[in-house]
Amino acid sequence: MSDLPGIVVTGASGRMGQMLIRLIQDSDSARLVGAIEREGHAWIGRDLGEEMGGAANGVIVTADPLEAFAGAQAVIDFTAPEATLAFAKIAAQARLTHVIGTTGMSADHIAALAPCARHAVIVRAGNMSLGVNLLTQLTKKVAAALDTDWDIEVIEAHHNKKVDAPSGTALMLGEAAAQGRGITLADNRESGRDGITGARAKGAIGFSAIRGGDIVGEHDVLFAGQGERIVLRHVATDRAIFARGALKAALWGQDKAPGEYDMLDVLGL
Ligand SMILES: NC(=O)c1ccc[n+]([C@@H]2O[C@H](COP(=O)([O-])OP(=O)(O)OC[C@H]3O[C@@H](n4cnc5c(N)ncnc54)[C@H](O)[C@@H]3O)[C@@H](O)[C@H]2O)c1
Ligand SMILES: O=C(O)C1=N[C@H](C(=O)O)CCC1
């Protein structure tokens with residue numbers, strides 16, 4: 001029996017779930033010990049390797065987190081807000097590191113994670129990539145250097161299956177811009193313009209979302225001044241960047257005290 005950290009992947013059949021499973025199976029630092037899908041999914045009770053189109057790997061997909069979490073050290077979770085909240089409660093009881101990539105979580109969902117983080121490590125980020133997390137720091141710095149004569153707009157593009165907007169990444173970038181300006185995003189957010197909207201509010205942080213095709217994820221932070229513009233850009237071309245970040249977070253969490261962390265903590269940025 002290996003003493004590498006055992007990892008459970010939730011949303012195993014999803015775009016991120018399958019990416020994570022391949023990464024963990026190829027890793028020398030972790031082992032895959034469980035796979036979860038939602039109740040009623042066609043993969044439940046079946047061998048994960050076979051369902052993914054390869055050889056059997058002995059991991060049977062389950063809808064029961066209690067069963068899957070027994071004997072694991074971490075869970076990597078890219079699913080949906082309500083599911084993530086349910087997993088957080090069980091991961092906390094089992095003292096597992098819970099890496100949350102799920103986006104579209106409301107303020108109430110996020111607040112409900114706090115009691116779980118008293119018992120276990122939670123690492124949550126709307127984007128697990130090194131590039132985007134570095135971009136948040138650059139955004140904060142540029143926003144701090146410019147006054148409100150410069151309009152800030154976060155423009156994001158994703159594939160046509162994405163269900164939430166603005167993206168988790170766009171909100172991270174918006175938060176970074178707000179921090180740089182010394183304001184709160186909640187009080188200065190402007191999104192979903194349509195119709196006679198009136199002029200842009202001075203000091204607002206705006207969001208624009210594009211959905212189409214198979215776009216993995218693209219984000220521009222636009223600083224628009226009079227006679228000049230600055231654009232900070234990140235382009236993701238491969239979901240592996242998110243999976244690598246999530247696995248790093250799961251391993252990083254193994255010797256940390258219970259609490260809520262993000263990828264800036266993991267990456268030391
Ligand atoms: N933080 C990041 O770096 C990052 C990167 C990519 C995607 N995401 C986010 O991850 C989430 C998933 O993205 P995706 O593209 O893989 O979506 P997807 O729809 O391909 O996969 C989601 C999976 O979760 C499963 N699921 C839903 N409810 C469940 C439940 N109650 N129990 C178990 N499984 C359940 C679905 O059946 C599906 O297989 C989204 O919120 C997305 O925005 C975050
Ligand atoms: O494909 C998605 O969905 C993505 N979600 C994250 C977000 O909301 O920012 C990260 C990029 C891909």
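Each chain has its residues counted from 1, following the order in which its sequence is written. The lettering of chains begins at A and the numbering of ligands begins at 1, in the order of writing. The model is predicted, so local features are restricted to residues of pLDDT at least 70 and side-chain atom pairs to those at 80 or more, both for listing and for counting; the totals for chains, interfaces and linings are taken over all residues. Values shown for side chains rest on all heavy atoms present in the structure; no hydrogens or waters enter the calculation.

- An unreviewed UniProt entry lists the protein chain under the name 4-hydroxy-tetrahydrodipicolinate reductase, with Thioclava indica as the source organism.
- UniProt positions are given in the numbering used here, feature names are shortened, and annotations may be inferred rather than shown by experiment. Comment text from UniProt for the protein chain, heading Pathway (unreviewed entry), reads "Amino-acid biosynthesis; L-lysine biosynthesis via DAP pathway; (S)-tetrahydrodipicolinate from L-aspartate: step 4/4."
- The record held by UniProt for the protein chain lists under Sequence similarities (unreviewed entry) the comment "Belongs to the DapB family."

### Remarks on the pattern of salt bridges
Here's step 1: In what follows, salt bridge is the name for a side-chain nitrogen of Lys or Arg lying within 4 Å of a carboxyl oxygen of Asp or Glu. All told, the structure shown has nine salt bridges when counted by the stated rule.
Here's step 2: Where Lys 162 meets Asp 164, a salt bridge forms, and the shortest distance between an N and an O atom there is 2.9 Å.
Here's step 3: Relative accessibility under 20% of the residue-type maximum defines a buried residue, over 50% an exposed one, and the middle range a partly exposed one, all with a 1.4 Å probe and only protein chains included. Taking the relative accessible area as the measure of exposure, Asp 164 reaches 14% and is therefore buried.
Here's step 4: Overlapping salt bridges, with partners in common, bring together Asp 151, Glu 153, Glu 190, Arg 193 and Arg 200 in one network.

### Details of the site of ligand 1
Here's step 1: Close contacts around ligand 1 come from 22 residues, with Arg 15, Met 16, Glu 37, Thr 103 and Lys 162 the closest.
Here's step 2: As used in this structure description, the phrase polar contact means that two N or O atoms lie within 3.5 Å; if the pair is within protein, one of them must be able to donate a hydrogen and the other to accept it, and residues adjacent in sequence are counted only when both atoms belong to side chains. At a separation of 3.1 Å, a nitrogen atom of ligand 1 approaches a polar backbone atom of Gly 101.
Here's step 3: The backbone of Ala 125 places a nitrogen or oxygen atom 2.9 Å from a nitrogen atom of ligand 1.
Here's step 4: Out of a free accessible area of 860 Å², ligand 1 has 80% covered by protein chains.
Here's step 5: Buriedness of a pocket was judged along seven lines, with at least five required to meet protein on both sides within 12 Å; pockets are open sets of points on a 1 Å grid over the protein atoms alone, cavities are sets where a 1.4 Å probe fits but cannot get out, and lining residues have an atom within 4 Å of a point. Molecules are considered to sit inside a cavity or pocket once more than half of their atoms lie within 2 Å of its grid points. Taken atom by atom, the bulk of ligand 1 overlaps the largest pocket.
Here's step 6: Secondary structure elements are taken from DSSP: a helix is a run of H or I of four residues or more, a strand is a run of E of two residues or more, and numbering for both begins at the N terminus. Of all elements in the fold, only helix H1 (15-25) and helix H4 (81-93) reach the threshold of two or more residues within the shell around ligand 1. For each residue, the test is whether any non-hydrogen atom lies within 4 Å of the molecule or strand; if one does, the residue is near. Shrake-Rupley sampling with a 1.4 Å probe provides the accessible areas, and residues are treated as covered by the protein chains on show and by no other component.

### Section: the site of ligand 2
Here's step 1: The environment of ligand 2 is formed by Thr 103, Gly 126, His 158, His 159, Lys 162, Ser 167, Gly 168, Thr 169, Val 216 and Phe 242.
Here's step 2: Taking His 159, its side chain carries an N or O atom lying 2.7 Å from an oxygen atom of ligand 2.
Here's step 3: At 2.8 Å from an oxygen atom of ligand 2 is found a main-chain nitrogen or oxygen belonging to Gly 168.
Here's step 4: Burial of ligand 2 by the protein amounts to 85% of the accessible area it has alone, namely 310 Å².
Here's step 5: Of the pockets mapped on this structure, ligand 2 occupies the largest pocket.
Here's step 6: Class assignment of the residues belonging to the shell around ligand 2 gives a composition of two nonpolar, seven polar and one charged.
Here's step 7: Each of domain 1 (6-128 + 239-267) and domain 2 (130-236) accounts for three or more of the residues forming the shell around ligand 2. Asp, Glu, Lys and Arg are counted as charged, while Ala, Val, Leu, Ile, Met, Phe, Trp, Tyr, Cys and Pro are counted as nonpolar; the rest, among them Gly, fall into the polar class. Boundary definitions for the domains trace back to an automatic or database domain assignment.

### Comments concerning the side chain of Thr 62
Here's step 1: For Thr 62, the location among the structural elements is in the loop between helix H2 (48-51) and helix H3 (65-69).
Here's step 2: When its relative accessible area of 8% is taken as the criterion, Thr 62 is described as buried.
Here's step 3: Those residues in contact with Thr 62 that lie beyond four places of it in its chain are Ala 35, Ile 36, Glu 37, Ile 44, Glu 67 and Ala 68. Any two residues whose heavy atoms approach within 4.5 Å at even a single point are treated as in contact.

### Some remarks on the UniProt feature "binding site: NADP(+)" (unreviewed entry) in the protein chain
Here's step 1: Mapped onto this structure's residue numbering, the UniProt feature "binding site: NADP(+)" (unreviewed entry) falls at Arg 38.
Here's step 2: Topologically, Arg 38 is positioned in the loop between strand S2 (31-36) and H2.
Here's step 3: Residue contacts for Arg 38: discarding those within four places in its chain leaves Ile 44 and Ala 63.

### Points about the confidence of the model for the protein chain
Here's step 1: As a per-residue measure, pLDDT tells how confident the predictor is, with possible values from 0 to 100. When pLDDT is averaged along the protein chain, the result is 98, and 100% of the positions lie at 70 or above.
Here's step 2: Interface confidence for the predicted complex, expressed as ipTM, amounts to 0.99; the pTM equals 0.98.

### Quick word on the domain arrangement of the protein chain
When the parts come together, some accessible area is lost, and that loss is often what is quoted as the size of the interface.
Here's step 1: Looking at the protein chain, the domain boundaries give domain 1 (6-128 + 239-267) and domain 2 (130-236).
Here's step 2: Summarising the inter-unit geometry, the C-alpha centres of domain 1 and domain 2 are found 28 Å apart.
Here's step 3: Facing the 13 residues of domain 1 at the interface are 15 residues of domain 2.
Here's step 4: Using a 1.4 Å probe, buried area is obtained as the accessible area two parts lose upon being combined, added over both of them. Taking both sides of the interface into account, the surface hidden between domain 1 and domain 2 amounts to around 1,100 Å²; carbon and sulfur atoms contribute 58%.
Here's step 5: The interface formed by domain 1 and domain 2 contains zero salt bridges.
Here's step 6: Here domain 1 is connected to domain 2 by five residue pairs in polar contact (both at pLDDT 80 or more).
Here's step 7: Where the side of domain 1 that touches domain 2 is concerned, the elements lending two or more residues are helix H9 (240-252) and helix H10 (263-267).
Here's step 8: Here the side of domain 1 that touches domain 2 gets three residues from one element, more than from any other, and that element is H10.

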